[in-house]
Amino acid sequence: MLARIAGFLLFIFCLGLPAAIITLGQATSVISSAAFTYPENLSGAEAEEEIAEIDAEPNGQKQTTLLPANRDRDLRKFPYPYGAMFAFASDIDDTTPREFAMYHRFLNTKEMTPAGPGLGLDVGDTMWVYMGNNVYPKVDYKGESVEAVMTFNRYLDPKSFKNAKLLKHYFDAGWVDGLHSFGDFIRKDPKDVVFSRELAVAAWENLNQAGIHPVYWINHGNEANKQNFGGYHPLKFTRYQAGDDPKSPYYHTDITIRNGVRFVWNSVGEDQFGQDSPIFPIQLRDGQKIWGFHRYTHEVVNGKIDWAWSADDGDFYRFLTKERLEQLIANKQYCIFAQHFGGSTSEFPFIFAKDVEALRTLADYHHSGKILVARTSRLLNYSVAQQFVHYVTAQRNGRTVIAIKSIQDPLFGKQEVTIDKVRGLTFYVDDPQNAKIVINRRAVPKEEIQINPPDETGRPSIGIKWFAQDSKDYSLNAPAE
Ligand SMILES: [Zn+2]
């Protein structure tokens with residue numbers, strides 16, 4: 001019973017009144033993807049330039065054929081051999097450094113834990129900058145409260161640092177890759193708002209100084225969390241959201257987007273496990289556009305909401321089933337699964353054998369090459385690259401050259417290509433042994449290239465290798481705070 005209440009509190013913390021949110025559906029701020037154009041074939045002049053680049057390489061004869069880009073024909077949806085992609089998107093609510101180290105050791109490493117050997121998965125997390133909560137929930141198993149929660153600054157003081165070094169360490173390790181908004185601003189009285197634009201300005205100054213550059217944002221909490229944005233609707237519960245309202249003292253999306261946030265979870269929970277695309281465009285009230293992303297948060301059972309996003313109430317395994325993973329592959333889909341890994345007040349969050357078994361099944365799907373489990377930022381960036389990469393394919397003397405030109409993000413404009421921005425991109429070619437991929441006029445080094453045999457379509461492919469597996473236990477050398 002206690003565990004059920006904990007789960008209940010979590011939805012209050014992260015969403016507010018769920019029914020109101022769920023009926024919101026497509027908020028007025030969500031724009032149709034028909035509103036933007038996909039990259040087209042290169043113009044004649046650009047094509048000439050590409051041929052010149054390819055010609056400039058050694059061993060060239062003169063006859064080059066430029067193949068018109070055909071995204072459906074050329075691009076594999078996921079890196080070979082995977083048939084789907086999956087990320088946990090974890091809200092950092094009520095997480096102490098002890099809990100964070102504990103559950104990431106189980107999820108990310110192969111070290112021994114109370115639930116057996118770790119899973120060795122790439123699981124990121126979100127972070128908080130400030131702590132403004134005056135409800136004082138119990139957050140860990142010894143009865144700790146908000147003073148023990150991992151935050152960059154101490155309470156609301158931008159000049160006093162709490163876990164700044166620790167968070168920088170975990171950001172560099174990849175265990176933190178997103179913001180759960182600027183902090184926890186939940187108040188007993190939702191009208192008693194303690195967030196301000198000044199805090200947002202100081203947060204970005206401090207994060208930049210530390211070299212922490214999160215690319216996605218997940219809204220948090222009740223109506224006192226005015227910093228939330230992306231789901232505003234004048235007639236719905238989300239009317240409190242003010243982060244993107246230039247007339248509000250809580251406005252910050254100008255600086256937040258300028259500092260590199262490209263994706264937002266806008267508080268709209270969803271019961272759809274798999275998505276063809278994890279992202280959709282949102283028009284903010286300040287005129288800017290940003291990618292919204294889908295998160296699987298709950299099931300509706302007999303008209304009631306059954307939250308999937310807490311790990312400690314004994315029913316996690318019902319949401320992460322083998323059937324769903326199989327369906328994800330059959331439908332070639334993405335899943336971003338919402339969680340509150342640190343929301344537990346148990347000594348270790350994965351205390352039920354069936355839950356651990358469900359997580360081990362997911363890990364098996366990853367390690368056997370069926371579903372690529374990746375941190376949220378990597379999944380989101382990959383989906384943008386896969387959908388909007390601008391490339392040209394040329395053939396000469398039986399060899400194929402694929403030149404990756406740019407990522408033409410329809411919301412943020414043309415992005416220059418670095419290898420990490422296009423990792424995993426996989427192109428079908430007739431003879432991958434005789435193919436190469438060129439980025440910025442240079443062939444991608446052999447050690448970064450992956451040659452693939454025919455897949456389920458019968459076609460072989462060539463791709464840029466995904467990020468190397470990293471199951472190091474970064475909690476071992478973590479700063480004390
Ligand atoms: Zn939250």
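Bear in mind that the values here come from a model prediction, so they are computed numbers and not experimental data.

Draft legend 1. Structural detail: the overall build of the protein chain. When you go through the protein chain residue by residue, the secondary structure sums to 11 helices and 26 strands. For the protein chain, with 481 residues in total, the buried portion stands at 48%. Taking as baseline every contact in the protein chain between residues at least 6 positions apart, the subset at least 24 positions apart corresponds to 74%.

Draft legend 2. How the structure looks around the confidence of the model for the protein chain. Confidence along the protein chain averages 90 in pLDDT terms, with 87% of residues attaining 70 or more. Across the protein chain, strand β18 (residues 371-373) holds the top mean pLDDT of 99, while helix α2 (residues 18-24) sits lowest at 37. Residue range residues 16-28 is modelled with pLDDT below 50. Its contacts to residues more than four positions away, or to other chains, number 28 contacts.

Draft legend 3. Quick look at the environment of D455. Counting through the fold element by element, D455 comes out in the loop between β25 (449-452) and β26 (461-464). A count of 17 C-beta atoms within 10 Å places D455 in the partly exposed class. Sequence separation between D455 and Y82 is 373 residues; the distance between their C-alpha atoms is 9.8 Å. Discounting chain neighbours no more than four positions away, the residues touching D455 are Y80, P81 and S461.

Draft legend 4. Molecular detail of helix α6 (residues 164-173). All of the buried residues along α6 are A164, L166, L167, Y170 and F171. The buried residues of α6 all sit within an arc of 160 degrees when viewed along its axis, so they share a single face. Positive phi appears at G174, one or two residues downstream of α6, with a value of about 90 degrees.

Draft legend 5. Just the sheet that holds strand β22 (residues 426-428), in detail. Sheet architecture is open: 3 strands sit in the order β22-β26-β25, paired in antiparallel fashion. The open sheet is flanked by β22 and β25, the only strands paired with a single partner. Each strand axis lies, on average, 20 degrees off the axis of its neighbour in the sheet, ignoring direction. Judged from the 3 bridges that link them, β22 and β26 form a sheet pairing that is antiparallel. Bridged to T426 within β26 is G463.

Draft legend 6. Spatial organisation of the nonpolar core. Among the nonpolar cores identified, the biggest contains 119 residues, and M85, I371 and I404 are the most heavily contacted of them. For this core, the domains that each give at least three residues are domain 1 (21-32 + 84-378) and domain 2 (35-78 + 388-464). For M85, the residues in contact, after removing those within four places along its chain, are F78, Y334, I371, L372, A374 and L379.

Draft legend 7. Here's a closer look at the sheet that holds strand β17 (residues 334-339). Spatially, the 3 strands line up as an open sheet ordered β17-β2-β18, and their pairing is parallel. The strands lining the two open edges of the sheet, one partner per strand, are β17 and β18. Direction aside, neighbouring strands of the sheet carry axes that sit 25 degrees apart on average. In this sheet, β18 lies alongside strand β2 (residues 84-90) in parallel orientation, the contact comprising 3 bridges. The partner of F86 across the bridge, within β18, is V373. Here helix α9 (residues 322-330) sits on the sheet and contacts β2, β17 and β18; the angle it forms with β18, its principal contact strand, is near 105 degrees. Helix α10 (residues 353-367) contacts β2 and β18 of the sheet and is inclined by roughly 110 degrees relative to β18.

Parameters at a glance
- Residues numbered from 1 in each chain as written.
- Predicted model: local features only at pLDDT ≥ 70, side-chain atom pairs only at ≥ 80, totals over all residues.
- Helix = DSSP H or I, 4+ residues; strand = E, 2+ residues; numbered from the N terminus.
- Buried ≥ 20, exposed ≤ 12 C-beta atoms within 10 Å, placed from the backbone.
- Contact = placed C-beta atoms within 7 Å.
- pLDDT = per-residue confidence, 0-100.
- Arc of directions from axis to C-beta.
- Pairing = 2+ DSSP bridges.
- Axes fitted to C-alpha atoms, helices over the stretch in contact; angles between N-to-C directions.
- Core = buried A, V, L, I, M, F, W, Y, C linked by C-beta atoms within 7 Å.
- Domains from an automatic or database assignment.

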